[in-house]
Amino acid sequence: QVQLVESGGGLVQPGGSLRLSCAATGSIFAIYSMRWYRQSPGKQRELVAGVGESGSTNYADSVKGRFTVSRDNGKSTVYLEMNSLKPEDTAVYYCNADVSPRLGLRIDYWGLGTRVTVSS
């Protein structure tokens, strides 16, 4: 059973920084793309950033230049470095990964989320 476990959320003042981590655990044959999504109250879940197997990245326009996504394949972990945080970044952040638990099987997994609150 594969699980995605997020950590690193919390309360931070505007202009501050946080680093989120998401570790994939369990029986894993391969991990393809890894992504971060977020959801604020009353809003749809939105893609924040993603990183492919090769390390290619993509970002939502609202976070470009402030957030950096990266991965450590040896640790099966994806990170989201968030700088210059704004109150509108307040949300629950979810990790998502495209994983093969075994050869021939590919499943989209989600973490339970970690809350980020940006407030003075």
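*Asks:* Is there a simple way to explain the side chain of S21 in this structure?
*Replies:* Mapped onto the secondary structure, S21 falls in strand β3 (residues 18-25). Its relative accessible area of 18% is what places S21 among the buried residues.

*Asks:* Looking at this structure, how should I read the pairing of strand β11 (residues 114-118)?
*Replies:* Consecutive side chains of a regular strand alternate in pointing toward one face of the sheet and then the other. Here β11 shows a buried face lined by T114, V116 and V118 and an unburied face lined by R115 and T117. Bridging between strand β2 (residues 10-12) and β11 involves three bridges; their strand directions are parallel. Considered in β11, the bridge of G10 is made with V116. The sheet contact formed by strand β9 (residues 91-100) and β11 spans three bridges and is antiparallel. If you follow A91 over to β11, its bridge partner there is V116.

*Asks:* Would you mind going over the side chain of S100 with me for this structure?
*Replies:* Here S100 is to be found in strand β9. Residue S100 is classed as buried on the basis of its relative accessible area of 4%. Setting aside residues no more than four positions away along its own chain, S100 makes contact with I28, F29, A30, Y32, L105 and R106.

Definitions and cut-offs
Residues numbered from 1 in each chain as written. Predicted model: local features only at pLDDT ≥ 70, side-chain atom pairs only at ≥ 80, totals over all residues. Heavy atoms only, no water. Helix = DSSP H or I, 4+ residues; strand = E, 2+ residues; numbered from the N terminus. Buried < 20%, exposed > 50% of the residue type's maximum accessible area, 1.4 Å probe, protein only. Pairing = 2+ DSSP bridges. Contact = heavy atoms within 4.5 Å.

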